[in-house]
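Residues per chain, in single letters:
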Amino acid sequence: MLRAVLLVGLVAACCPPLKTSYATPAETLGTWQAHLCHDDVEGEYRCLSRGLQGTIGGFETYFAARRKLLDDEPFVAFLVQRVDLPGRAIEDARSPDGLRHRMVFEESGQRFAVEFVVETLVTFRLDDGTEVPGRLDRELAYYLGRDRRQQWLTIPRPLLDEGQERSVRALHVEEHWRIDAIEGLTPQAPKVIE
């Protein structure tokens, strides 16, 4: 009994500090792991792509699938909560267009893969201080245009309600890597990167 308590204490001490960064696939994975280890499900959920959130069926479904994965797969639970995954990838590949990334991990003959996708986040701040967030499906460079006299940002679909455009006082645009598939958690297998 004492041995089990000591082992649990040792494993718990390995929990990485909470942090939030989506600048690279490795940093997004580290963010997701830290929130998972600290049992911050909302923090984990923010690491998921809009597509994965829709595929899973929302926060409640993610929570249930996550709990089942951690309960049914103790190896995966230990690996994703306590091991520095970005530093242990046996495969680390980016798609030719730079929009997707896949990391594969192996321990004791078992493999575990995570796939990432680039999302562009847009936040409009209005006159009254209200912030209106939105997500675009491609990298930021895709939405930028230029000619000899000007440069512009094209947002392909309306993110604001009719009439809000006149009250926009600030626009923040940022590119993030988000988790788009987690082998064993998501209904589909991660997409193959050639």
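Everything below is about the structure shown above.
None of the values given here were measured: they were computed from a predicted structure.

As a further point, take the overall build of the protein chain. Of regular secondary structure, the protein chain possesses seven helices and seven strands. In sequence order, the protein chain lays out its α and β elements as α-α-α-α-α-α-β-β-β-β-α-β-β-β. Per-residue burial over the protein chain gives 41% buried out of 194 residues. If you take every contact in the protein chain between residues at least 6 apart in sequence, the share linking residues at least 24 apart comes to 55%. Carbon and sulfur atoms form 53% of the exposed surface of the protein chain, whose accessible area is close to 11,300 Å².

Moving on to the side chain of Arg100. If you trace the backbone, Arg100 turns up in strand β2 (residues 100-107). Side chain to side chain, Arg100 and Asp180 meet in a polar contact 2.4 Å long.

Formed by 30 residues in total, the largest nonpolar core has its most connected members in Leu29, Trp32, Leu48, Val80, Phe105, Phe112 and Ile179. Every element with two or more residues in this core is listed here: α2 (25-37), α3 (41-46), α4 (50-56), α5 (59-72), α6 (74-82), β2, β3 (110-126) and β7 (168-182). Element by element, the count of residues in this core is highest for α6, at five residues. Those residues in contact with Phe105, other than ones at most four positions away along the chain, are Leu29, Leu79, Leu85, Pro86, Arg88, Ala89, Ile90, Gln110, Arg111, Phe112 and Val114. Judged by nonpolar contacts, the second largest core, of seven residues, contains Val132, Leu136, Tyr143 and Leu160.

Right, let's get into the packing of α2 against α6. Taken N-terminus to C-terminus, the directions of α2 and α6 make an angle of 115°; their axes are 7 Å apart at the nearest point. As judged from the angle between their axes, α2 and α6 are roughly perpendicular. Contacts between α2 and α6 involve Trp32, Gln33, Leu36 and Cys37 on the former and, on the latter, Leu79, Val80, Gln81 and Arg82. A class-by-class count of the residues in the contact of α2 with α6 yields five nonpolar, two polar and one charged.

About the criteria used
Residues numbered from 1 in each chain as written. Predicted model: local features only at pLDDT ≥ 70, side-chain atom pairs only at ≥ 80, totals over all residues. Heavy atoms only, no water. Helix = DSSP H or I, 4+ residues; strand = E, 2+ residues; numbered from the N terminus. Buried < 20%, exposed > 50% of the residue type's maximum accessible area, 1.4 Å probe, protein only. Contact = heavy atoms within 4.5 Å. Areas by Shrake-Rupley, 256 points an atom, 1.4 Å probe, with all protein chains shown as cover. Polar contact = N/O pair within 3.5 Å; in protein donor to acceptor, adjacent residues only side chain to side chain. Core = buried A, V, L, I, M, F, W, Y, C linked by side-chain atoms within 4.5 Å. Axes fitted to C-alpha atoms, helices over the stretch in contact; angles between N-to-C directions. Parallel < 35°, antiparallel > 145°, perpendicular 65-115°, else oblique. Nonpolar A, V, L, I, M, F, W, Y, C, P; charged D, E, K, R; others polar.

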